[in-house]
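# Descriptive structure summary
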Amino acid sequence: MPKKFIVGNWKMHGSIESVDALLSGLSLMGADAGSVAVCPPFVFIPAAISALKGTGVSVGSQNVSAYDQGAYTGEISAGMLSQLGCKYAIIGHSERREQWLESDQQLAAKFVSAQAKGLTPILCLGESIEQREAGGALAFVERQLRSVVDIVGIESLSLAVIAYEPVWAIGTGKTASPDQAQEMHAHIRSVLAELSDEVAEKVQILYGGSVNAANAAELFSRQDIDGALVGGASLKVDDFASIIAAAKAV
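Just so it is clear, the structure is predicted and the values come from calculations on it, not from any experiment.

## Focus: the sheet that holds strand 4 (residues 88–91)
One closed barrel accounts for eight strands, arranged 1-2-3-4-5-6-7-8; its pairing is parallel. Going from strand to strand, the sheet's axes swing by 25 degrees on average, the running direction of each strand aside. Two strands pair when backbone bridges link them, and strand 1 (residues 5–9) and strand 8 (residues 227–230) are joined in this way by four bridges, in the parallel orientation. Bridge assignment links Val7 to a residue of strand 8, and that residue is Leu229. Helix-sheet contacts for helix 2 (residues 45–52) involve strand 2 (36–39) and strand 3 (57–61), and the interaxial angle to strand 3 is about 170 degrees.

## Looking at the nonpolar core
In this structure, Ile6, Leu157, Ile162, Ile188, Leu192, Tyr207 and Phe220 are the most contacted members of the largest nonpolar core, which totals 67 residues. Considering every element that reaches this core, the biggest residue donor is helix 7 (residues 137–152), with seven residues. For Ile162, the residues in contact, after removing those within four places along its chain, are Leu123, Leu125, Leu145, Leu157, Ile188, Leu192, Val203, Gln204, Ile205 and Leu206. Core analysis: the second largest hydrophobic core is formed by twelve residues, Ala37, Cys39, Cys124 and Leu229 among them.

## Thoughts on unusual backbone geometry
Despite not being glycine, Leu101 shows a phi value in the positive range, around 55 degrees. Summarising the element assignment, Leu101 is placed in the loop between helix 4 (94–99) and helix 5 (104–116). Leu101 sits in the exposed class, given a relative accessible area of 66%. Of note in this structure, Ser210 is not a glycine but carries a positive phi near 60 degrees.

## Some details on the environment of Leu235
Within the element layout of this structure, Leu235 appears in the loop between strand 8 and helix 11 (237–249). C-alpha separation for the pair Leu235 and Ala66, spaced 169 residues apart in sequence, amounts to 28 Å. Not counting residues within four places of it along the chain, the set of residues in contact with Leu235 comprises Trp10, His13 and Leu22.

## Points about the pairing of strand 3
One face of the sheet, then the other: side chains in a regular strand alternate in exactly this way. Counting buried residues in strand 3 gives five out of five residues, a clear majority hidden from the surface. The two faces of strand 3 match: Val57, Val59 and Ser61 on one face and Ser58 and Gly60 on the other face are all buried. As paired elements, strand 2 and strand 3 share three bridges and run parallel to each other. Across the sheet, Val36 pairs through a bridge with Val57, a residue of strand 3. Once you follow strand 2 into helix 2 and on to strand 3, the crossover reads as right-handed. For the handedness criterion, the β-α-β arrangement of strand 3, helix 3 (residues 78–84) and strand 4 is classed as right-handed.

## Points about the packing of aromatic side chains
Overall, the coordinates contain three aromatic pairs when judged by the stated rule. Taking the centre distance of 5.1 Å and the plane angle of 40 degrees together, the rings of Phe5 and Tyr88 count as tilted. In this pair, Phe5 sits in strand 1 while Tyr88 sits in strand 4, placing the two residues 83 residues apart along the sequence. Take Phe5 and Tyr88: they sit in the same class, and that class is buried. On the basis of an interplanar angle of 55 degrees and a centroid distance of 6.1 Å, the ring pair of Tyr164 and Tyr207 is categorised as tilted. In this pair, Tyr164 is assigned in strand 6 (residues 161–164) and Tyr207 in strand 7 (residues 204–208), connecting sequence segments 43 residues apart. Among the residues examined, Tyr164 registers a relative accessible area of 0% and is labelled buried. For Tyr207, a relative accessible area of 1% translates into the label buried. Stacked on the ring of Trp100, the Lys or Arg Arg96 has its end atom at 4.4 Å from the ring centre.

## So, the side chain of His93
Looking at the secondary structure, you find His93 in the loop between strand 4 and helix 4. At 3.0 Å, the side chain of His93 forms a polar contact with the side chain of Glu165. For His93, the contacting residues outside a window of four places in its chain are Asn9, Lys11, Cys124, Glu165 and Ile170.

Reading the values: rules and limits
Counting restarts for each chain, with residues numbered from 1 along the sequence as it is written. Reporting in this predicted model follows two pLDDT cut-offs: at least 70 for local features of residues, and 80 or more for side-chain atom pairs to be given and counted; totals over whole chains, interfaces and linings ignore these cut-offs and use all residues. For the side-chain quantities, the full set of heavy atoms in the structure was used; hydrogens and water were omitted. Two strands qualify as a pair provided that DSSP identifies no fewer than 2 bridges between them. Numbered from the N terminus, helices here are DSSP runs of H or I no shorter than four residues, and strands are runs of E no shorter than two. An axis is simply a line fitted to the C-alpha atoms; with a helix, the fit covers only the stretch in contact. Between two such axes, the angle follows the N-to-C directions and lies from 0 to 180 degrees. Residues are treated as being in contact if the distance between any of their heavy atoms lies within 4.5 Å. Throughout this description, the term nonpolar core refers to a set of buried Ala, Val, Leu, Ile, Met, Phe, Trp, Tyr and Cys residues connected via side-chain atoms within 4.5 Å. Note on classification: 1.4 Å probe, protein chains only; a residue is buried when its accessible area is under 20% of the maximum for its type, exposed when over 50%, partly exposed between these limits. We call a crossover right-handed when, viewed with the strands running away from us, the connection from the first strand over the helix to the second turns clockwise. Ring pairs are drawn from Phe, Tyr and Trp, using the six-membered ring of Trp, whenever the two centres fall within 6.5 Å, and their geometry is named by plane angle: stacked under 30 degrees, edge-to-face over 60, tilted for the rest. We call a charge positioned above a ring when the Lys NZ or Arg CZ atom is no farther than 6 Å from the ring centre and deviates by at most 35 degrees from the ring normal. Polar contacts here mean pairs of N or O atoms no more than 3.5 Å apart (in protein, one a potential hydrogen donor and the other a potential acceptor; neighbouring residues in sequence count only if both atoms are side-chain atoms).

Okay, here's the thing in structure tokens:
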């Protein structure tokens, strides 16, 4: 399996001053190329790309339009992001699915648009607490995955990243146990393997949902957890550095 991959999702946080301080700390941290990325709000992407150039830390976006250009007020295209120097685009985060009602079909279109311009999609999947307590978590996440794969094709997943983020663990302080996370990651990989062993072996499956310095090492010790999509802890240099160190130590 490839080395662990750690992605920081800053969400809608930050000011010019706080982002400058965060980027300064990240630029001094050092990272192996391809092992760390951060996804700032759109307005801070140019500053992040400039500050992190040559550090090994890549930059991505938290969203991307399904359209190349046109009369789509407020949208940001994959081509624009690619020209800035972005390498990744988060697609289908639960906050986008729930608050902006993004459908699997819309997310598949964003996935295709991102890849067409050279961005690597980070496709998010995850169930609600109600779905987990009802025993339907595995089936629900599988449906989310298959609905996108049916449109974009299995081979496209070889140039993508998957992030499993149980909705009930995002920003709540709750974390899926390492065994719960491993069960879901193994299930996702098995679904992919039904379609392509090569893709299933290659794709990185990240865990997200209140990942922090205290629980990262135990999560990363599980066979099918290939890294993390980190929320709040990615806004604190010391915490983010500890998570990266835990990934390197595995």
